Amino acid sequence: MIENIDRDVFVRIQTDLLVVGDSIMTDRHHASNGNYEDDDPQNQIGGIIPAFSLSGWLRHGMEKVIQEHDGTACHPGESNANFRKDGVYNRDLDAGYHEKGACLDDDDDNGCVILDLFGGFGNRPGKVMRRPIKFSPVRSSVDYTRGQAEGHYRRLNRNVVSRNKEDNREPLRNAELDAVGNLDGCWHLSFRETKPEFVALLAEAIDFLDDHQTDFMHQLGGARNFGGGIVDCELVNPLYNETELRRVFDRGKGNTNKMDDKDAEWSDDYLPEFQTALADRVEDV
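So, here's what we can say about the structure. What you are looking at is a predicted structure, and each value in this text was computed from that prediction instead of being measured.

The rules behind these values
- Throughout this description, residue numbers start from 1 for each chain and increase along the sequence as written.
- Side-chain atom pairs in this predicted model are given and counted only at pLDDT of 80 or more, local residue features only at pLDDT of at least 70, and totals for whole chains, interfaces and linings cover all residues.
- Values shown for side chains rest on all heavy atoms present in the structure; no hydrogens or waters enter the calculation.
- Lines are fitted to the C-alpha atoms to define the axes, a helix being fitted only along its stretch in contact, and any angle between axes, read from their N-to-C directions, falls within 0 to 180 degrees.
- Labels follow the DSSP assignment, with helices taken as runs of H or I lasting at least four residues and strands as runs of E lasting at least two, numbered in each case from the N terminus.
- Comment on the angle field: the value is read as roughly parallel under 35 degrees, roughly antiparallel over 145, roughly perpendicular from 65 to 115, and oblique elsewhere.
- Residue contacts are counted whenever heavy atoms from the two residues lie within 4.5 Å of one another.
- When residue character is reported, Ala, Val, Leu, Ile, Met, Phe, Trp, Tyr, Cys and Pro are called nonpolar, Asp, Glu, Lys and Arg charged, and the others, Gly included, polar.
- Each residue after the first adds 1.5 Å to the expected span of a helix.
- Any residue under 20% of the maximum accessible area for its type is buried, any over 50% is exposed, and the rest in between are partly exposed; the area is computed with a 1.4 Å probe on protein chains only.
- Cysteine sulfur atoms are paired as a disulfide whenever they come within 2.5 Å of each other.
- Nonpolar core, defined: a set of buried Ala, Val, Leu, Ile, Met, Phe, Trp, Tyr and Cys residues in which side-chain atoms within 4.5 Å join the residues together.
- At least two bridges found by DSSP between two strands are what make those strands a pair.
- Stacked, tilted and edge-to-face pairs are distinguished by plane angle, under 30 degrees for stacked and over 60 for edge-to-face with tilted covering the rest, among Phe, Tyr and Trp rings (Trp via its six-membered ring) whose centres lie within 6.5 Å.
- The criterion is that NZ of a Lys, or CZ of an Arg, lies within 6 Å of the ring centre and within 35 degrees of the ring normal, and then a charge sits over that ring.

In the contact formed by helix H1 (residues 51–68) and helix H4 (residues 196–211), the axes pass within 8 Å of each other and the chain directions differ by 105°. With respect to H4, the element H1 is oriented roughly perpendicular. In this structure, H1 contributes Trp57, Leu58, Gly61, Met62, Lys64, Val65, Ile66 and Glu68 to the contact, and H4 contributes Leu201, Leu202, Glu204, Ala205, Ile206, Phe208 and Leu209. In terms of residue class, the contact of H1 with H4 is built from eleven nonpolar, one polar and three charged.

Dropping the structure here:
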């Protein structure tokens, strides 16, 4: 059945506010004839959300799924690194992780499923490519089949102000914050090699992250205490074709009968078989 799954899969992501530090790359240099004032709520700024924060968010969800299957996940840090916080690292190992690469042996050079997917040990490339998300405030210019999203960029100001009556809220410190609001689109992931356990782990991790979207540990990016990074997410049915993928994001249309049939086929036939492969893979490590 895995041969019917394309190497390219899409995750729908919706969030009211996304803050990923200073890593949002905007296209303001193209703005000679438009509104590109970064503090204007009606600006026409688009840009790219790099995959680094997205990747860490997804990996953490996948690690939790592995642990719920009574397995341990590769720690993202090198086992011989000097973290200067040995106590924290050791507590991580006690909380459902093993040292990076400890799952490799002479009989199995793939390691655990997390190492297989994300790589990073011994020049291992990993088997899932996480692409950046290109966003635009103009919905008609968004190509969902290329992993793009509608989103509205804004540079926000945060002030720390004085508390005494005499100074009357005199600003003590100002911090600027890059943010994307009302983000709705999809994240394009590509498997370098498609395996049933990879697809099952992705599906279960996205479900986990959606169910735990308000947990501090599983929000995306920064400003978590201010509602940032609360993400509604779902794996778009991998059986959909490009036309059906576009229809998912068309607010004026619902599912076709064929899409409903594919949803039933996915949940009744494909996903249970892939989940069995994942359980077997975790048990074998």
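There's plenty left to go through after this.
What follows deals with H1. Here H1 contains 18 residues, and its C-alpha end-to-end distance of 26 Å stays within 8% of the 26 Å for a straight helix at 1.5 Å per residue. Counting buried residues along H1, 13 of its 18 residues qualify, which places the element largely inside the surrounding structure.

Turning next to the state of the cysteines. Throughout the structure, instances matching the rule amount to zero disulfides. Between Cys103, a free cysteine, and Cys74, which holds the nearest cysteine sulfur, the sulfur-to-sulfur gap is 3.6 Å. Residue class for Cys103 comes out buried when judged on its relative accessible area of 10%. Its sulfur unpaired, Cys112 is 3.7 Å from the next cysteine sulfur, which belongs to Cys103. According to the relative accessible area criterion, Cys112 is buried, its value standing at 3%.

Next up on the list: the nonpolar core. Grouped together as the largest cluster of nonpolar side chains are 56 residues, with contacts concentrated most on Ile114 and Leu202. Here this core gets ten residues from one element, more than from any other, and that element is H4. Ignoring anything within four residues of it in the chain, the contact list for Ile114 reads Arg59, Met62, Glu63, Ile66, Ala73, Cys74, Gly119 and Leu201. In this structure, Phe10, Val236, Tyr240 and Met259 belong to the second largest nonpolar core, which totals ten residues.

Before going further, it helps to examine the side chain of Lys262. Inspection of the secondary structure assignment puts Lys262 in helix H6 (residues 257–284). Dropping the residues within four chain positions of it, Lys262 is found in contact with Asn237, Leu239, Tyr240, Asn241 and Glu244.

The phi angle of most residues is negative, glycine excepted, and most peptide bonds adopt the trans form. The phi angle at Asn182 is positive, at roughly 50°, despite the residue not being glycine. As for its placement among the helices and strands, Asn182 is situated in strand S9 (residues 171–191). In the Ramachandran plot, Ala223 falls in the positive-phi region, its phi being about 55° despite a non-glycine side chain. Among the residues examined, Ala223 registers a relative accessible area of 21% and is labelled partly exposed.

Another point: the pairing of strand S8 (residues 148–161). As paired elements, strand S7 (residues 133–136) and S8 share three bridges and run parallel to each other. Counterpart to Ser136 in the pairing with S8 is Glu150. Judged from the twelve bridges that link them, S8 and S9 form a sheet pairing that is antiparallel. Following the sheet pairing, Asn159 is matched in S9 by Asn174.

Here we come to the packing of aromatic side chains. For any pair of aromatic rings, the description consists of the separation of the ring centres together with the inter-plane angle of the planes. Applying the stated criterion to the full structure yields five aromatic pairs. Aromatic pair Phe191 and Phe198: ring centres 6.0 Å apart, planes at 25°, arrangement stacked. Looking at Phe191, the relative accessible area reads 2%, which means it is buried. Judged by centre distance (6.3 Å) and plane angle (25°), the ring pair of Trp266 and Tyr270 falls under stacked. Residue Trp266 and its partner Tyr270 are both found in helix H6; the two are separated by four residues, about one turn of the helix. Accessibility assignment for this pair places Trp266 and Tyr270 in one class, buried. An aromatic cluster of at least three residues, connected via ring pairs, comprises Trp266, Tyr270 and Phe274. The side chain of Arg224 reaches across the aromatic face of Phe216, ending 5.5 Å from its centre.

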